[in-house]
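Residues per chain are reported as follows:
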Amino acid sequence: MTVPITEVPTAALPIVVIGAGPIGLAAASHLVERGLEPLVLEAGDGAGSAVREWSHVRLFSTWAELVDPAAEKLLAPTGWVKPDGATYPTGGDWAEQYLRPLADVLGDRVRFGARVAGVSRLGRDRVVDADRHQQPFTLHIQGADGTEERITARAVIDASGTWSTPSPIGGDGLPALGERTAADRISYRVPDLKDPAVRARYEGKRTAVIGSGASAFTALAYLADLAKDAPGTHAVWILRRGIGGSTFGGGEADQLPARGALGLAAKAAVDDGYADAVTGFRTAAVDHADGRLVLTAEDGRRLDPVDEVIVLTGLRPDLSFLAELRLGLDERLQAPADLAPLIDPNVHSCGTVYPHGVNELSHPEKDVYLVGMKSYGRAPTFLAMTGYEQVRSIAAALAGDQEAAERVELTLPETGVCGGAGLFDEPEGAQAGDGGGCCAAPATIQIGVGGPATSGGC
């Protein structure tokens, strides 16, 4: 006989972790270490489904920074050998050599093909106060075959990430006019140019790369390498701000050397003439012109036609399935309110944030947590080891060990970049000689020498 879910004691229910990526599996590992029972629900068909989609990209963190301590303890008895801690894996390496074995060890605690469609309190929508915190959580799940199911949990840890919701081209956060109709020419991912089909899409073409972070740096470096072998390949790097001291990241001052090298590689792409940089350009429209695309800015400027557009303007959290929960989120970043001031790119200084855990990640809705990339909302500076510290603290709190939950067990590296991004959005924030910017008005500029003539200098 099936026991009604209302008769199952809340303490006997599992702690549901949403997402079997690096942080979700780390959360499960810490819960197991604490003697708690996790249930990991993953929409994809395997561990690290999102990571596998960028399997060709090399991380700027080393293996030593990408393996969670509790996960390593679970793996050790299986004969698993930790990769060389000083080396840098690709996303594919991370998924295959670490995430897949970890999911295998967790066994039936991980369910694939289980998409969480909604989370609430049993019998309570977000309006109802009565006995709210005494009720277990209820989760509606959609199977890969379309079947629906409802399960209950004593706590929920959302590690679903932000990969599925990339930000659009539009400088106002909305899709640019024509962006949807030009979808066949627009990608929101770093291209895998080792794939012959993808390579053929970009070789000999003029490609706009929109964005100013590590992903944009990577795409520019990849396209520059392609241009060396495929004449006619050229990139147009579109930035919403001016060129300033932070444009290319921390460079040699970055405490993660590979992260600093990404910015230097992007600068080299421009210096060597494989890319132009267009500053102060906030895209408002994408138009078709003779089989190509023309980008128009909010100020009316139009760029020369391009064949392809790569949009790397960040990611944003999908909060739709959490709508019945009482979350305390910052109105700008959509990150937990107590965490947001530490990571806000409008004011954040020197590119780091002190380690944080259960206190900063708690919400008005007790025992629900957003962790990993999801916890950073729209902020771009998340590191895997930040997430590992988050879930260590949360697991300790759920186990009743508040002292351990509040203890700091991590030191994070700095980027070498100081100043809030918001300060550099204004054209006057780009100083002459500080990376190559030279004028207050938005323009197309060439950094260094040796490149083709620009379409509008200073």
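All chains use their own residue numbering, which begins from 1 and follows the written sequence. Given that the model is predicted, a residue must reach a pLDDT of at least 70 before its local features are reported, and side-chain atom pairs must reach 80 or more before they are shown or counted; all residues, however, enter totals for whole chains, interfaces and linings. Heavy atoms from the whole structure form the basis of all side-chain values; hydrogens and water molecules are not counted.

(A) Structural context of the overall build of the chain. Tallying secondary structure elements over the chain gives 11 helices and 16 strands in all. Relative accessible area decides the class of each residue, using a 1.4 Å probe on protein chains only: under 20% of the type maximum gives buried, over 50% gives exposed, and in between gives partly exposed. Here the chain, with 458 residues, has 51% of them falling under the buried criterion. Here, residues are in contact when the closest pair of their heavy atoms is within 4.5 Å. For the chain, the proportion of contacts with a sequence separation of at least 24, taken over those separated by at least 6, is 70%. Here, Shrake-Rupley sampling with a 1.4 Å probe gives the accessible areas, and only protein chains in the shown set may cover a residue. Accessible surface, the chain: about 19600 Å² in total, of which carbon and sulfur atoms supply 51%. By the criteria applied, helices consist of DSSP H or I runs no shorter than four residues and strands consist of E runs no shorter than two, each listed in order from the N terminus.

(B) Spotlight on the packing of helix α1 (residues 22-33) against helix α4 (residues 91-106). For every element, the axis is a line fit to its C-alpha atoms; helices are fit only across the contacting stretch, and the angle between N-to-C directions ranges from 0 to 180 degrees. Running from N to C, α1 and α4 point in directions that differ by 35 degrees, and their axes come no closer than 10 Å. Here α1 and α4 pass one another in a crossing that is left-handed. Across the interface between the two elements, Pro22, Leu25, Ala28, Ser29 and Val32 of α1 pack against Trp94, Leu99, Leu102, Ala103 and Leu106 of α4. Under the grouping applied here, Gly and all other residues not named as nonpolar or charged are polar, the nonpolar ones being Ala, Val, Leu, Ile, Met, Phe, Trp, Tyr, Cys and Pro and the charged ones Asp, Glu, Lys and Arg. Residue classes in the contact of α1 with α4 are distributed as nine nonpolar, one polar and no charged. Here is the rule for handedness: rotate from the far helix to the near one, and if that takes an anticlockwise turn smaller than a right angle the crossing is left-handed, while a clockwise turn gives right-handed.

(C) Highlighting the pattern of salt bridges. Each reported salt bridge corresponds to a side-chain nitrogen of Lys or Arg within 4 Å of a carboxyl oxygen of Asp or Glu. Tallied over the entire structure, the rule returns 23 salt bridges. Where lysine 374 meets aspartate 158, a salt bridge forms, and the shortest distance between an N and an O atom there is 2.5 Å. You can see lysine 374 sitting in the loop between β15 (368-370) and α10 (384-398) and its partner aspartate 158 sitting in strand β7 (residues 155-158), a full 216 residues away along the chain. Here the salt bridges do not stand alone but share partners, grouping Arg52, Glu96, Arg100 and Asp104 into one network.

(D) Spotlight on the pairing of strand β2 (residues 38-42). Where burial is concerned, most of β2 is hidden: five out of the five residues are buried. Here the term right-handed applies to a crossover when the path leading from its first strand over the helix to its second strand runs clockwise, the strands being oriented away from the viewer. Handedness of the crossover is the feature at issue here: the chain leaves strand β1 (residues 15-18), passes through α1, returns alongside β2, and the resulting connection is right-handed. By definition, two strands form a pair when at least two bridges between them are found by DSSP. As paired elements, β2 and strand β3 (residues 110-112) share three bridges and run parallel to each other. Bridge pairing in β3 places leucine 41 opposite arginine 111.

(E) Local environment of the nonpolar core. As used here, the term nonpolar core means buried Ala, Val, Leu, Ile, Met, Phe, Trp, Tyr and Cys residues forming a set that is joined through side-chain atoms within 4.5 Å. Of all hydrophobic cores here, the largest spans 76 residues; its most connected members are Leu25, Trp94, Tyr98, Ile157, Val371 and Leu398. A total of eight residues in this core trace back to one element, the largest contributor, which is α10. Beyond its immediate stretch of four places on either side in the chain, tryptophan 94 contacts Pro22, Val51, Trp54, Leu59, Trp63, Leu66, Pro89, Leu99, Ala384 and Tyr388. Counting 19 residues, the second-largest nonpolar core is a separate cluster that includes Leu39, Val116, Ala153 and Val368.

(F) Molecular detail of the environment of proline 38. With respect to the helices, strands and loops of the structure, proline 38 is situated in strand β2. In this structure proline 38 comes out as buried when scored by relative accessible area, which is 3%. For the pair proline 38 and leucine 13, spaced 25 residues apart in sequence, the C-alpha separation works out to 9.1 Å. Beyond its immediate sequence surroundings of up to four residues, proline 38 is in contact with Ile15, Ala28, Leu31, Val32 and Arg109.

Shape is all these values report; function is a separate question.
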